[in-house]
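Each chain, letter by letter, is given below.
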Amino acid sequence: MELSNVVVLLILGFAGVSCMKPTLINECKKGTPNAERCVLAVAERMRPKIAKGEFPEGFTVPRLDPAFIERLEVTGDPNFIAVFENVTVSGLKAFHVDKLTVHTSDQQISLVTKLDYIHLKGKYTMKSNLKMLPPVDGAGYATLELTNVKVLVRLHYFLIGKKGAKTVRFLPTEFKVMFDGDANFALTNALRGKPDQVTNEAINKMPHEILNKTKPAVQRHLSETFTTIVNHLMEDAERERK
């Protein structure tokens with residue numbers, strides 16, 4: 001794998017480490033044995049700064065933890081409609097990249113990222129009539145605790161500009177989320193007028209029924225947000241180099 005300046009930016013640009021590019025170039029030069037493992041090791045050392053959003057002046061990358069989702073709509077199934085608003089997501093700073101593969105010929109980068117624990121808190125409106133769960137028709141506050149979440153990311157990039165002055169841009173990123181661990185919901189007023197404890201206990205017997213319904217909307221949100229961030233990051237890095 002050839003780690004040219006451009007590819008270095010692509011590999012870890014999403015995490016805001018383009019500003020730390022010399023570290024990667026010095027430690028993971030072309031011809032380095034197990035170059036991908038080298039990149040992962042450097043990324044792990046940079047992880048605390050990435051999570052806190054500690055970037056040089058002029059970079060506009062938002063901090064990773066806590067993250068904020070203003071609005072997420074789940075539609076497409078008449079038996080399950082939900083809206084989540086003002087959601088705070090904590091626990092992302094503990095992410096670690098399990099696998100990284102660079103396909104320079106196809107201009108793709110694949111990542112497998114794992115999150116051991118995530119906590120989400122916000123407002124919700126939900127109307128659900130799923131066969132395996134009690135009916136939900138309510139609005140209120142919601143929290144969700146998740147363990148062992150895996151995210152498969154595939155970045156497609158392209159180069160624009162003249163020879164010697166090319167710019168990196170990303171196409172919409174592909175995300176696949178896998179909820180491999182435990183999940184625990186806590187919804188207030190989930191069934192209007194009914195005790196919250198009874199409804200939540202029933203939901204948490206099969207929480208993946210709700211998770212699977214929300215997954216497509218979550219993946220779309222991640223793709224849109226992630227693609228916007230990495231393209232802004234590339235623009236910031238280009239301005240810094242001028």
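In what follows, the structure referred to is the one given above.
Below or above, wherever it landed, is the structure these notes cover. What you see is a predicted model, and the numbers here were worked out from it, not measured in a lab.

So, how was this worked out
- Residues numbered from 1 in each chain as written.
- Predicted model: local features only at pLDDT ≥ 70, side-chain atom pairs only at ≥ 80, totals over all residues.
- Heavy atoms only, no water.
- Helix = DSSP H or I, 4+ residues; strand = E, 2+ residues; numbered from the N terminus.
- Buried < 20%, exposed > 50% of the residue type's maximum accessible area, 1.4 Å probe, protein only.
- Contact = heavy atoms within 4.5 Å.
- Areas by Shrake-Rupley, 256 points an atom, 1.4 Å probe, with all protein chains shown as cover.
- Arc of directions from axis to C-beta.
- Salt bridge = Lys/Arg side-chain N within 4 Å of Asp/Glu carboxyl O.

1. Observations regarding the overall build of the protein
For the protein, the count of helices and strands is five helices and eight strands. Scanning the protein from its N terminus toward the C terminus, one meets helices and strands in the order α-α-α-β-β-β-β-β-β-β-β-α-α. By residue count, 43% of the 242 residues in the protein fall in the buried class. In the protein, of all internal contacts separated by at least 6 residues, the share reaching a separation of at least 24 is 65%. Taken as a whole, the protein presents about 13100 Å² of accessible surface, with 53% of it coming from carbon and sulfur.

2. Topic: helix α4 (residues 196–203)
Restricting attention to buried positions, one finds in α4 the residues T199, N200 and I203. All buried residues of α4 lie within an arc of 95° about the axis, which places them on one face of the element. Across α4 from its buried face, at more than 90 degrees, point the exposed residues Q197 and V198.

3. Re the pattern of salt bridges
In this structure the tally under the stated criterion is three salt bridges. R71 is the partner of E73 in a salt bridge, and the nearest nitrogen-oxygen pair spans 2.8 Å. K213 serves as the salt-bridge partner of D77, at 2.5 Å between the closest nitrogen and oxygen. Of the two residues, D77 is situated in strand β1 (residues 67–77) and K213 in helix α5 (residues 208–241); the sequence distance between them amounts to 136 residues. Each of R71, E73 and E85 takes part in salt bridges that share partners, so that together they form one network.

Purely spatial values, then, with no claim about function.
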